[in-house]
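Chain by chain, the residues run as shown.
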Amino acid sequence: MPFELMSFKTGGEWIGKLWSKFKSIKSKYEQEINEINDIMFTDPEELAKYYVEPNCQETNPADHHEERFLTATEPVMRKIDQFFGAKVFQPGDNQLFVLSDAGMGKSALLTMLKLMHLTAFWPPDKDCVLKKLGKKTLYDIAEIKKRKETILLLDSLDEDPTAYGRVRERLSDILQATQAFFRVIITCRTQFFSSEADPFNKPGVAVVSGFRCPVKYLSFFDDTLVMKYLSKRFPKKFWWFTDTKKIEEAKNVIEKMGSLRCRPMLLSYIEELTGSPLLAKEDSEYQVYDALIESWLDREKAKHKISKENLSDASIILATVLQMKGLREISEENLDKLIAEINKVKTVREIELKGRSLLNRNSEGDYRFSHYSIQEFLVAKLLLSDNPVFTPKGSIHLTDFIFRMMLMSKRIPNFISLMDFKGLKFDNLDFSGANLTVPIRTGIKLKAVKMDGAFFVNTIGMKFISIPPGEFMMGSLKEESGRSDNETRHKVILTKAFFMQNTPVTQGQWKAIMTDNPSHFKNCGDDCPVDKVSYDDAQDFIRKLNQKEGNEKYRLPTEAEWEYACRAVTNTAYYFGDDESRLKEYAWFDKNSDSKPHPVGLLKPNAWGLYDMHGNIHEWCQDFYGDYSSDAVTDPVGPHTGSVRVYRGGSWGDDTRYCRTAYRSKDIPGLGSYDVGFRLVRDL
């Protein structure tokens, strides 16, 4: 039998009305308000004062990789109003999922719903219960008596340790346990589910164990909502005077944040972020969180005269231990045990845990970070530190947020062997500019929609840049200065992306695999290109590197791949244009080399981040040498047989004409010369 209809009656100005009512009921419901603070670790009064209602939509906005993708959105409370008022005909109709990425306002939304209950927006016969999902939640739910008159709000499925590795089973248990309630709203992060376990792969609906539940995604804040928030945060002091300076400072920070300004959690700390020197350098999500942490550390240092470094170390250790144990909070007793084990953690006892501190305590004295993404970021800080503050003893459960922080960082992560990827989703992600060292080294299969500028560093320090598939005109124009007859211009299509080493193989990298050093220019040092290496020698190096890394993916580039990567979407004699007078900025050749090679990567790279393509050392390619056809070809690998192999690129002893992108040369595979080396590619 369907449940009765319910009128929610939010209306367009419900937030202002709620704030007015909140001030009048604050004393009466002090205990309930404190309980909300304990459960959600947010100040309900501050939230109600500054809250801006987000929009929602049927599909995941992150799937479109841009904040302004054309899609239908509407205020989330309007959809919740419809959900509360709809009839229930089948299992799941009364159980709504609200999904979004980290910091997008899921917990704030449930908190506001609970405040609506306290401020009498709902019919008096309806109760409301707010819970964080965790190990005890289903036991607590079982104690609720009037289920048909109760709206149940369950926050943060992605933080529920009982869901790790068994998401569908946990969802099924939750839906079974809550089906008798009047309405249920469950929040979760969008990237929490693996491809196999994802029940949200259909717009607007989730199907789990016979339950067919409605689904809404919180939309990114658009510019209108961002400015609405700023007008609340920095209101007019008097009717004739506005603090325009603060608003302008906030706008400047928001502009640097890019799409991150769309995350309400980060917007709520806009005053802390204003003026941060870290954001003057970079505006990545990693840098924004780093600036937020630094601001907090500076405040605590000023208030309590404590060491900023000690508090940072203590917070990082505490966050990592919580993450390893699948916890969001730690009791005072267990904190004492942790301090006895790791004395550095004691600094968290020396600060005032209230207000806008990023580390707080609830009414029972449990310690917890103000937002889960703060805990996650501190874990990422440890994993990306050049000098880790401690060594974890056990596996570290990675979340999508921690993984994303590692992708954004230019650093090489620590403790890769301790990383637990269970439950992470890696399909259809935008990895543009990402550091893929962790997924590449751990063998995770990536199905990316974009990888432009992505890179990874292998176990011996070789850096590889992602090269996208595409087509280009190989060879040279007939009017190109210095052109040779074997550079027939023709269309080439490359259908597969690949990674190319950003420099030639160095002497240090060669010795890490082969132990010996065949180079004529040994005195140049480990950072100089290895020379006097034959094609056969290069193949021996590749075989041993593949053995070390446990795959068969390293190889020499084909001649077409080499020229495509060198050109980086150019059609000129050099990847910087046709003006050979500029060659000295990009290559070591006969006019600037002093007749010797130089350390790799000292001069300017091409548009894809590849160094020394026009000079320093010639580079072996995979192909046998042969004449080009003028016909278009797809994924060419050169002639099937031959007696000589191709090498490309200029060297330290060459004239400018031999440094051109299209120039080709060849040699017998068993011969090593003091101006020939190689660089590698790696298949995805």
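Cut-offs applied
- Residues numbered from 1 in each chain as written.
- Predicted model: local features only at pLDDT ≥ 70, side-chain atom pairs only at ≥ 80, totals over all residues.
- Heavy atoms only, no water.
- Core = buried A, V, L, I, M, F, W, Y, C linked by side-chain atoms within 4.5 Å.
- Buried < 20%, exposed > 50% of the residue type's maximum accessible area, 1.4 Å probe, protein only.
- Contact = heavy atoms within 4.5 Å.
- Salt bridge = Lys/Arg side-chain N within 4 Å of Asp/Glu carboxyl O.
- Helix = DSSP H or I, 4+ residues; strand = E, 2+ residues; numbered from the N terminus.
- Phe/Tyr/Trp six-rings, centres within 6.5 Å; stacked < 30°, edge-to-face > 60°.
- Lys NZ or Arg CZ within 6 Å of the ring centre and 35° of its normal.
- Arc of directions from axis to C-beta.

Enquirer: How should the nonpolar core be read in this particular structure?
Expert: One recurring pattern in soluble globular proteins: nonpolar side chains tend to sit buried together. Of all hydrophobic cores here, the largest spans 104 residues; its most connected members are Leu-318, Leu-383, Leu-398, Leu-436, Phe-541, Phe-678 and Leu-680. In contact with Phe-541, not counting residues within four places along its chain, are Ile-460, Met-462, Val-505, Gln-509, Trp-510, Ile-513, Met-514, Phe-678 and Leu-680. Residues Phe-22, Ile-80, Leu-96 and Met-112 belong to the second largest nonpolar core, which totals 37 residues.

Enquirer: What am I meant to see in the pattern of salt bridges here?
Expert: When the charged atoms of two side chains with opposite charge come close together, those side chains can pair. All told, the structure shown has 39 salt bridges when counted by the stated rule. In this structure, Asp-336 and Arg-349 form a salt bridge, with 2.1 Å as the shortest nitrogen-oxygen distance. In this pair, Asp-336 is assigned in helix H15 (residues 332-341) and Arg-349 in the loop between H15 and strand E10 (359-361), connecting sequence segments 13 residues apart. Under the relative-accessibility criterion, Asp-336 is labelled partly exposed at 40%. By relative accessible area, which is 31% here, Arg-349 ends up partly exposed. When the shortest N-O distance is used, the salt bridge between Asp-526 and Lys-511 registers 2.7 Å. Linking Asp-526 in the loop between helix H19 (507-514) and helix H20 (535-549) with Lys-511 in helix H19, this pair joins segments that are 15 residues apart in sequence. The structure contains a network of salt bridges with shared partners spanning Asp-101, Asp-158, Arg-189, Glu-376, Asp-400 and Arg-404.

Enquirer: Just to check I follow, could you spell out the packing of aromatic side chains for this structure?
Expert: One pair of aromatic rings is described through two measures. These are the centre distance and the angle between the planes. According to the stated counting rule, one finds 25 aromatic pairs in the structure shown. An angle of 15° between the planes, with centres 6.1 Å apart, marks the rings of Trp-19 and Phe-22 as stacked. Pair noted here: Trp-19 and Phe-22 are both in helix H1 (residues 14-25), with a separation of three residues, about one helical turn. Neither residue differs from the other here; Trp-19 and Phe-22 are each classed as buried. Measuring from ring centre to ring centre gives 5.1 Å for Phe-456 and Phe-464, while their planes differ by 10°; the resulting arrangement is stacked. Per residue, the accessibility class of Phe-456 equals that of Phe-464, and both read buried. Following the ring pairs from residue to residue traces out a cluster consisting of Tyr-286, Tyr-289, Phe-377 and Phe-401. The ring of Phe-83 is capped by Arg-183, whose NZ or CZ atom sits 5.6 Å from the centre of that ring. Of note, Arg-664 hangs over the ring of Tyr-628, and the distance from its end group to the ring centre comes to 3.9 Å.

Enquirer: It is not clear to me how the side chain of His-397 should be interpreted in this structure. Could you clarify?
Expert: If you trace the backbone, His-397 turns up in strand E12 (residues 396-397). For His-397, a relative accessible area of 9% gives the class buried.

Enquirer: Looking at this model, I keep getting lost on H15. Mind explaining?
Expert: Every buried residue belonging to H15 is among Leu-335, Leu-338 and Ile-339, and all of these are buried. Down the axis of H15, the smallest arc covering the buried residues is 100°, so these residues share one side. The exposed set on the far side of H15, more than 90 degrees from its buried face, consists of Glu-333, Lys-337, Ala-340 and Glu-341. Buried positions along H15 lie against helix H14 (308-324), strand E9 (329-330) and strand E11 (367-369).

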